[in-house]
Amino acid sequence: MNYGKRVWTLAVKQRKLQTLNMSSAVHENVKNYYGSRLETSEDLQTNAACVMPSRPLPKNACEALRLVHPDVCKRYFGCGLVIPEKLEGCKVLDLGSGSGRDCYVLSKLVGERGQVTGLDMTDEMIVASQKYGQYHQEKFGYSKANTVFVKGYMEKLSEAGIKRNSLDVIVSNCVICLCPDKRTVIKEAYKVLKEGGELYYSDMYASKVTPDSFKEDPVLWGEGMAGALYWQDLITLMKETGFSTPHLVAGSHIVVQNPELQQKTGDVKYSSGTYRIFKLPQNSLTTKALVTYKGTVPDCVDCFEFDASHSFKTNVPVEVGAEMAAILQHTRFSTDFSITMLDIPDPNLSGNPQYCHLSPFLLADRLGSSVKQCSKTGQ
């Protein structure tokens with residue numbers, strides 16, 4: 001091995017070691033922050049768990065949420081909606097499941113034939129979520145439990161027993177921002193999703209790349225501000241991993257309530273953004289298509305609001321781009337649309353598309369999102 005190659009190899013190994021050391025330190029800090037320091041969502045230093053969603057929960061999700069035990073809701077630290085449509089019979093994984101609130105809502109929506117797995121690295125959260133397993137099984141009228149909680153890391157899903165190509169949907173609620181190695185998390189999510197599967201998650205995003213100095217502050221890490229991804233970097237990261245372009249579903253401004261943290265973060269602004277991203281078959285993007293929604297997605301009889309930019313009215317043909325056509329063809333929504341491929345090339349496939357419509361900050365401004373007070377139940 002020549003000298004230059006040896007130096008490069010040593011530098012790569014050193015960077016990997018630094019990443020591992022940083023990840024370990026961050027994991028321990030987050031475990032302590034959420035396992036011991038925070039008792040309820042009201043202990044957070046931002047309104048991340050209390051932002052007003054930019055669109056309401058579906059009726060069936062609201063009904064399921066009302067059935068969740070109040071003690072589970074009390075320790076909710078999420079920042080958005082992670083309840084996608086048409087979940088009956090699906091296998092779902094919740095990354096960073098916390099107290100289990102979202103898992104129990106999802107367990108009602110997937111039905112007794114479905115399966116929900118909650119993954120968390122914090123012992124206290126695993127114990128808290130498992131405590132009410134039988135309560136919800138009986139509340140939902142299931143003959144057997146369809147929810148399991150496992151301890152593990154988002155960066156090491158196989159070690160937690162999550163198999164490749166085994167999941168229909170992955171959700172996550174304000175947790176990926178707590179992880180220093182987001183690229184590995186996204187790669188792991190891609191591996192365990194089935195072809196046609198969906199990553200549907202809400203997270204905290206920054207208006208610019210956060211300074212390295214933020215990463216030295218344990219409270220900024222615990223609140224998600226140090227690890228919040230610059231929203232434009234999300235698009236690059238997903239595309240490099242193999243996922244589709246992220247589709248922005250909802251966006252709300254996040255307010256830093258603590259004056260000391262306001263001073264630390266300076267001109268960096270934060271927003272909650274909910275995105276849906278798909279694992280599509282290779283070479284599935286071809287041409288534009290004419291699609292007609294059949295009105296068959298549950299709770300979406302008249303209109304299916306796919307994201308903030310795509311709304312499909314029942315029996316009304318709509319022309320869509322090649323990627324959206326592939327999503328509607330190859331995911332669990334394939335039976336809900338009549339699709340006619342058009343002999344029209346999509347310039348976005350070869351050009352340099354503009355992604356400003358995917359900014360959670362612009363969406364929050366457009367909708368005039370506001371802040372509400374947290375209730376004791378987190379609902």
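Positions within a chain are numbered from 1, following the residues in the order the chain's sequence is written. Note on the predicted model: pLDDT of at least 70 is required for a residue's local features to be given, and 80 or more for side-chain atom pairs to be given and counted; whole-chain, interface and lining totals, by contrast, use all residues. For the side-chain quantities, the full set of heavy atoms in the structure was used; hydrogens and water were omitted.

Undergrad: Even after reading the chapter, I still don't get the packing of helix H2 (residues 59-66) against helix H4 (residues 101-110), so can you show me in this structure?
TA: In a pair of packed helices, the angle between the axes and the distance between the axes together describe the arrangement. For the pair H2 and H4, interaxial distance at closest approach is 9 Å and the crossing angle is 120°. Classified by the angle between their axes, H2 and H4 sit oblique to one another. Of the two elements, H2 crosses H4, and the hand of that crossing is right-handed. Here H2 contributes Asn60, Ala61, Ala64 and Leu65 to the contact with H4, which in turn contributes Arg101, Val105, Lys108 and Leu109. Under this scheme, a helix contributes an axis fitted over its contacting stretch, all axes are lines through C-alpha atoms, and angles between N-to-C directions fall in the 0 to 180 degree range. Secondary structure elements are defined from DSSP: runs of H or I of at least 4 residues count as helices, runs of E of at least 2 residues count as strands, and each element is numbered from the N terminus. With respect to orientation, any angle under 35 degrees is reported as roughly parallel, any angle over 145 as roughly antiparallel, any angle of 65 to 115 as roughly perpendicular, and every other angle as oblique. Each crossing gets its handedness from the near helix: less than a right angle anticlockwise from the far helix is left-handed, clockwise is right-handed. Contact criterion: two residues are considered in contact whenever any of their non-hydrogen atoms come within 4.5 Å of each other.

Undergrad: Help me out: how do you make sense of the pattern of salt bridges in this one?
TA: Think of it this way: side chains of opposite charge can pair up when their charged atoms draw near. What makes a salt bridge here is a side-chain nitrogen of Lys or Arg within 4 Å of a carboxyl oxygen of Asp or Glu, nothing more. The tally for this structure, following the rule as stated, stands at 15 salt bridges. Of the charged contacts in the structure, one is a salt bridge between Asp102 and Arg101, with a shortest N-O distance of 3.0 Å. When accessible area is computed with a 1.4 Å probe and restricted to protein chains, residues below 20% of their type maximum are described as buried, those above 50% as exposed, and intermediate ones as partly exposed. Of the residues examined, Arg101 reaches a relative accessible area of 10% and is grouped as buried. The partner of Asp123 in a salt bridge is Lys151, with the nearest N and O atoms 2.9 Å apart. Highlighted residues: Asp123 in helix H5 (residues 123-130) and Lys151 in strand S3 (residues 147-151), separated in sequence by 28 residues.

Undergrad: Please clarify how the nonpolar core should be interpreted in this entry.
TA: Most often, soluble globular proteins have nonpolar side chains that are buried together. We call a set of buried Ala, Val, Leu, Ile, Met, Phe, Trp, Tyr and Cys residues a nonpolar core when their side-chain atoms join them within 4.5 Å. Grouped together as the largest cluster of nonpolar side chains are 36 residues, with contacts concentrated most on Ile170 and Leu199. Among the secondary structure elements, those contributing two or more residues to this core are strand S1 (91-95), strand S4 (167-173), helix H7 (182-192), strand S5 (193-206), strand S6 (229-230), helix H9 (231-241), strand S8 (270-278) and helix H12 (360-367). If sequence neighbours within four positions are ignored, Leu199 has contacts with Ile170, Ile186, Leu193, Met238, Phe243, Tyr275, Arg276 and Ile277. Grouped together as the second largest cluster of nonpolar side chains are 23 residues, Cys73, Val82, Val92 and Leu106 included.

Undergrad: Just to check I follow, could you spell out the side chain of Ser284 for this structure?
TA: Within the element layout of this structure, Ser284 appears in the loop between S8 and strand S9 (287-293). Overall, the relative accessible area of 10% leaves Ser284 in the buried class. Polar contacts involving the side chain of Ser284 include one to the main-chain carbonyl oxygen of Pro281, which spans 2.8 Å. Beyond its immediate chain neighbours, meaning those up to four positions away, Ser284 contacts Ala326 and His330. Under this definition, polar contacts are N or O atom pairs within 3.5 Å; protein pairs additionally need one hydrogen-donor-capable and one acceptor-capable atom, and for neighbouring residues in sequence, both atoms have to be side-chain atoms.

Undergrad: I keep staring at the packing of aromatic side chains and nothing clicks. Help me out?
TA: Between two aromatic rings, the relevant description is the distance of the centres plus the angle of the planes. Working definition: a ring pair exists when centres of Phe, Tyr or Trp rings (six-membered ring for Trp) sit within 6.5 Å. Plane angles under 30 degrees give stacked, over 60 give edge-to-face, the rest tilted. Summed over all chains, the structure comprises 14 aromatic pairs. Counting every residue linked through ring pairs, the aromatic cluster contains Phe278, Tyr293, Phe304, Phe306, Phe312, Phe333 and Phe337. A ring has a charge above it when a Lys NZ or an Arg CZ is no more than 6 Å from the ring centre and no more than 35 degrees off the ring normal. The ring of Tyr190 carries the charged tip of Lys279 above its face, separated from the ring centre by 4.7 Å.

Undergrad: What is the right way to look at the state of the cysteines in this model?
TA: As used here, a disulfide is simply a covalent bond connecting the sulfur atoms of two cysteines. Disulfides are defined as pairs of cysteine sulfur atoms found within 2.5 Å of each other. Throughout the structure, instances matching the rule amount to zero disulfides. Of the cysteine sulfurs around Cys179, a residue in no disulfide, the closest is that of Cys177, at 9.8 Å. Unpaired in terms of disulfides, Cys300 finds its nearest cysteine sulfur in Cys303, a separation of 7.8 Å. For Cys300, a relative accessible area of 10% puts it in the buried group.

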